[in-house]
Amino acid sequence: MEQLIEPLRQTGFANSPEALLQSLIERERLMTTAVGHGIAIPHPRKPLNQMFAQPAIVLGICPEGTAFDAIDDQHVHIFFLICATREGIHLELMAKIAWLGRQLDLMAALPQCQTPTDVVNRLSEAMQTLES
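Notes on the structure in this doc start here. Keep in mind the model is a prediction, meaning the values are calculated, not measured. (Residues numbered from 1 in each chain as written. Predicted model: local features only at pLDDT ≥ 70, side-chain atom pairs only at ≥ 80, totals over all residues. Heavy atoms only, no water.)

Moving on: the overall build of the protein. Looking only at helices and strands, the protein has 5 helices and 4 strands in total. In the protein, the succession of helices and strands from N to C terminus is α-α-β-β-β-β-α-α-α. The C-alpha radius of gyration computed for the protein amounts to 14 Å, which stays within 12% of the reference 14 Å derived for 132 residues, consistent with globular compactness. Projected onto its principal axes, the C-alpha positions of the protein cover 35 × 35 × 25 Å. The proportion of buried residues among the 132 residues of the protein is 42%. Sequence-distant contacts, at least 24 apart, represent 61% of the contacts inside the protein between residues at least 6 apart. Carbon and sulfur atoms make up 51% of the accessible area of the protein, which amounts to about 7,900 Å² in all. Counting 9 positive and 15 negative side-chain charges, the protein places the centres of these two groups 8 Å from one another. (Helix = DSSP H or I, 4+ residues; strand = E, 2+ residues; numbered from the N terminus. Rg over C-alpha atoms; globule rule 2.2 N^0.38 Å. Buried < 20%, exposed > 50% of the residue type's maximum accessible area, 1.4 Å probe, protein only. Contact = heavy atoms within 4.5 Å. Areas by Shrake-Rupley, 256 points an atom, 1.4 Å probe, with all protein chains shown as cover. Lys, Arg positive; Asp, Glu negative; His and termini not counted. Charge placed at Lys NZ, Arg CZ, Asp CG, Glu CD.)

Here it is, written out as structure tokens:
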């Protein structure tokens, strides 16, 4: 979790990275956000008021995988950290991530990407399919 929020800390995107980290840990204690197929969607239980100026998703890729108490007992390779500013946005982001997660070829390809630009290009192509 600390690795996921580090870019938010470095860029100042999160107003209180420590509060965000604590919220993520509390949420994981309730139930894992690892949904299977090597994917986890960590997020605060409720959007944190005034935490972010705008909504975003932090994508973390762990090619070797990490144990994350997934429902299918598989290691997690892809983390989508939801940074929502309101409940409606949170639900919209969850829906888009759920769709992306069902694109198993895409999910298998992401850990093989060599650069962040490669990842963004792959995701952009997939999102164009969703929006068309």
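Before going further, it helps to examine the side chain of S23. By secondary structure assignment, the location of S23 is in helix α2 (residues 17–30). When neighbours within four sequence positions are excluded, S23 is seen to be in contact with P44, R45 and L48.

Okay, the environment of N49 next. Residue position: N49 is located in the loop between β2 (39–40) and β3 (56–66). Spatially, the C-alpha atom of N49 lies 16 Å from that of L81, the residues being 32 residues apart in sequence.

A few words on the packing of aromatic side chains. Scanning all chains against the criterion turns up 2 aromatic pairs. Ring plane angle 80° and centroid distance 5.1 Å describe the contact between F68 and F79, whose orientation is recorded as edge-to-face. Residue F68 is found in the loop between β3 and β4 (76–83), and its partner F79 is found in strand β4; the two are separated by 11 residues along the sequence. Each member of the pair F68 and F79 is classed as buried. (Phe/Tyr/Trp six-rings, centres within 6.5 Å; stacked < 30°, edge-to-face > 60°.)

With 16 residues, helix α5 (residues 116–131) should cover 22 Å at 1.5 Å per step; its first-to-last C-alpha distance of 22 Å lies within 8% of that length. Within the sequence span of α5, burial applies to V119, L123, A126 and M127. When α5 is viewed along its axis, its buried side chains cluster within an angular range of 100° and face the same direction. Pointing more than 90 degrees away from the buried face of α5 are the exposed residues T117, E125, Q128 and T129. Those residues of α5 that are buried lie in contact with β3, α3 (87–101) and α4 (104–109). (Expected span 1.5 Å × (residues − 1). Arc of directions from axis to C-beta.)

Taken in spatial order, the 4 strands of this open sheet run β1-β2-β4-β3, and their pairing is mixed. For this open sheet the edge positions go to β1 (34–36) and β3, each flanked by a neighbour on one side alone. Sheet topology places β2 next to β4; 2 bridges connect them, and they run parallel. Bridge assignment links I39 to a residue of β4, and that residue is I78. On the sheet, α3 packs against β2, β3 and β4 and is oriented at approximately 160° with respect to β4. (Pairing = 2+ DSSP bridges. Axes fitted to C-alpha atoms, helices over the stretch in contact; angles between N-to-C directions.)

Honestly, it's all geometry; don't read function into it.
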